[in-house]
Amino acid sequence: MPRFFVPSVEGDTLCVTGQDASHIRRSLRMTVGETLTLCDGRGTDTLCEIEDFAGEDVLLRVLSRTLSASEPTCAVTLYQGLPKADKMEWIIQKAVEIGVARIVPVQMARSVAVINEKAAKKAARWQKIADEAAGQSGRGILPVVEEPVSFAAAAKRLAAENAVVCYECGGRPFATLANRETETLSLVVGPEGGIDPREIAVLEQGGAAIATLGKRILRCETAPVAALAVLMAVTGNME
């Protein structure tokens, strides 16, 4: 069923405007009487029926409201070491599809990409990619993509969170660090060159668990997808 994110789903009648309305009318060619889902981006799904078309707008009648069934029971924040080129866009898209709740790009010691004056512009584009992925995959929320932060800032935050670091040089089996009772988890993945041993020491000192994803070395864009998939499985969110 078509799904669209809107700022508010209050009231018995709703109106979809702009690009979404155009998509409903022209791309999907939906007609009066057909149904679609509106989501407020905070976990509420509203089933609606198309009641009429007014100019470029689509008028809807609310049929029912329910909590989104697609949101994982474990809220995951991905701290991703800044990769180069467009790898971050791919990581964001796939991480959102799998179920991540928040993404924090981190400039790490081995990051080729750096935080600069274009960071805010990149963050806006990354958020758009996340929003589109959320709509495509039927998410109940719009996961947040933050502006890039320094490793020091990330480490300070992680010291207060339930953090697991994916490390190519070994650690505890990743699948043993979460279960169906895990409600929140912060996942750390390095950039192309991996995580510097000094960074590992800082994270471990802050209380993070160091984990392995196996004996193979995964690319920086593969590791978060693999880790998130395992995490969703062990927390019961792949059923």
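All residue numbers refer to position in the chain's written sequence, counted from 1. Owing to the predicted nature of the model, reporting of local features is limited to residues with pLDDT of at least 70; listing and counting of side-chain atom pairs is limited to 80 or more, with chain, interface and lining totals taken over all residues. Working from all heavy atoms in the structure, the side-chain values ignore hydrogens and water.

*Asks:* Which residues make up the overall build of the chain, and what values go with them?
*Replies:* Counting from the N terminus, the helices are the DSSP runs of H or I reaching at least four residues and the strands are the DSSP runs of E reaching at least two. The helix and strand tally for the chain stands at six helices and 13 strands. Its C-alpha atoms put the chain at 60 × 40 × 30 Å along the principal axes. Burial status follows relative accessibility: with a 1.4 Å probe on protein chains alone, a residue under 20% of its type maximum counts as buried, one over 50% as exposed, and anything between as partly exposed. Taken over 239 residues, the chain has a buried fraction of 45%. In what follows, a contact means two residues having at least one pair of non-hydrogen atoms within 4.5 Å. Sequence separation of at least 24 residues holds for 73% of the intrachain contacts in the chain that already meet a minimum separation of 6. Each charge class in the chain can be summarised by its mean position, and for the 26 positive and 30 negative side chains these summaries are 7 Å apart. Positive charges come from Lys and Arg alone, negative charges from Asp and Glu alone, with His and the N- and C-terminal ends not counted. A single reference atom marks each charge: NZ on Lys, CZ on Arg, CG on Asp, CD on Glu.

*Asks:* Tell me about the layout of surface pockets, and name the residues and values.
*Replies:* Space left empty within the atom packing is revealed by a probe, the size of a water molecule, rolled over the atoms. In this analysis, the protein atoms alone were mapped onto a 1 Å grid. Cavities are point sets where a 1.4 Å probe fits without being able to get out; pockets are open sets with protein on both sides within 12 Å along at least five of seven lines; lining residues have an atom within 4 Å of a point. Grid points are joined across faces, edges and corners, and a volume is the space filled by probe spheres set on the points. Taken as a whole, the largest pocket encloses approximately 420 Å³ of empty space. Lining the largest pocket are Arg3, Phe4, Phe5, Gln19, Asp20, His23, Lys128, Asp131, Glu132, Gly135, Gln136 and Leu142. For the lining of the largest pocket, the per-class residue count stands at three nonpolar, four polar and five charged. By volume, the second largest pocket is sized at about 300 Å³. Considering the residues around the second largest pocket, the lining is formed by 21 residues, among which Glu168, Ile217, Leu218, Arg219 and Ala223 are closest to the centre. Think of it as three bins: nonpolar holds Ala, Val, Leu, Ile, Met, Phe, Trp, Tyr, Cys and Pro, charged holds Asp, Glu, Lys and Arg, and polar takes everything else, Gly as well.

*Asks:* Tell me about the side chain of Thr212, and please be specific about residues and values.
*Replies:* Mapped onto the elements, Thr212 comes out in strand β13 (residues 209-212). Within the local environment of Thr212, its side chain forms a polar contact with the backbone nitrogen of Gly214, the two atoms lying 3.0 Å apart. What Thr212 contacts, discounting residues up to four positions off in sequence, is Tyr167, Gly170, Gly171, Arg172, Pro173 and Phe174. Any pair of nitrogen or oxygen atoms within 3.5 Å is treated as a polar contact; in protein, a donor-acceptor pairing is required on top of that, and neighbouring residues in sequence qualify only through side-chain atoms on both sides.

*Asks:* Which residues make up the pattern of salt bridges, and what are the values?
*Replies:* Basic side-chain nitrogens of Lys or Arg form a salt bridge, by our definition, when they fall within 4 Å of a carboxyl oxygen of Asp or Glu. Within the structure shown, the criterion is met by twelve salt bridges. As a salt-bridge pair, Glu89 and Arg125 come within 2.7 Å of each other at their nearest N and O atoms. Here Glu89, found in helix α2 (residues 87-98), pairs with Arg125, found in helix α3 (residues 119-136); they are 36 residues apart in sequence, far enough to count as distant. Across the salt bridge formed by Lys94 and Glu97, the nearest N and O atoms sit 3.7 Å from each other. Pair noted here: Lys94 and Glu97 are both in helix α2, with a separation of three residues, about one helical turn. Overlapping salt bridges, with partners in common, bring together Arg102, Glu146 and Arg157 in one network.

*Asks:* Residues and numbers for the packing of α2 against α3, please.
*Replies:* Packed helices, taken two at a time, are described by their axes: the angle between them and the distance between them. Direction vectors running N to C along α2 and α3 enclose 30 degrees, while the axes themselves pass 8 Å from each other. Crossing of α2 over α3 shows right-handed handedness. Residue-level inspection shows Met88, Glu89, Ile92, Gln93, Val96 and Glu97 of α2 in contact with α3, the latter providing Arg125, Trp126, Ile129, Ala130, Ala133, Ala134 and Gln136. Here the contact of α2 with α3 is built from residues that sort into eight nonpolar, two polar and three charged. Every axis in this analysis is a line fitted to C-alpha atoms, fitted for helices over the stretch in contact. Angles between the N-to-C directions lie between 0 and 180 degrees. Handedness of a crossing follows from how the near helix is turned relative to the far one, being left-handed for an anticlockwise turn of less than a right angle and right-handed for a clockwise one.

*Asks:* Lay out the environment of Gly138 with the relevant residues and their values.
*Replies:* Locating Gly138 in the fold gives a position in the loop between α3 and β8 (144-145). Sequence-wise, Gly138 and Ser70 are 68 residues apart; in three dimensions their C-alpha atoms are separated by 6.7 Å. If we ignore the near neighbours within four places in the chain, the residues touching Gly138 are Arg3 and Ser70.

*Asks:* How would you sum up the pairing of strand β3 (residues 35-39)? Please name residues and give values.
*Replies:* Counting buried positions over the five residues of β3 gives four, a clear majority of the element. At least two bridges found by DSSP between two strands are what make those strands a pair. Sheet analysis places strand β1 (residues 3-5) next to β3, joined by three bridges and oriented parallel. Each bridged residue has a counterpart across the sheet, and for Arg3 the counterpart in β3 is Thr37. Across five bridges, β3 lies against strand β4 (residues 44-54) in antiparallel orientation. If you follow Thr37 over to β4, its bridge partner there is Leu47. The hairpin formed by β3 and β4 contains four residues between the paired strands, and Gly41 there has a positive phi angle of roughly 80 degrees.

*Asks:* How would you sum up the nonpolar core? Please name residues and give values.
*Replies:* Among the nonpolar cores identified, the biggest contains 35 residues, and Ile92, Ile103 and Leu187 are the most heavily contacted of them. Secondary-structure elements contributing two or more residues to this core are β6 (75-81), α2, α3, β10 (163-166), β12 (184-189), β13 and α6 (223-234). In contact with Leu187, not counting residues within four places along its chain, are Val76, Thr77, Leu78, Tyr79, Val164, Cys166, Phe174, Pro224, Ala227 and Leu228. Within this scheme, the nonpolar core is defined by two criteria: the residues are buried Ala, Val, Leu, Ile, Met, Phe, Trp, Tyr or Cys, and they are joined through side-chain atoms within 4.5 Å. Judged by nonpolar contacts, the second largest core, of 18 residues, contains Phe151, Tyr167, Val188 and Ile195.

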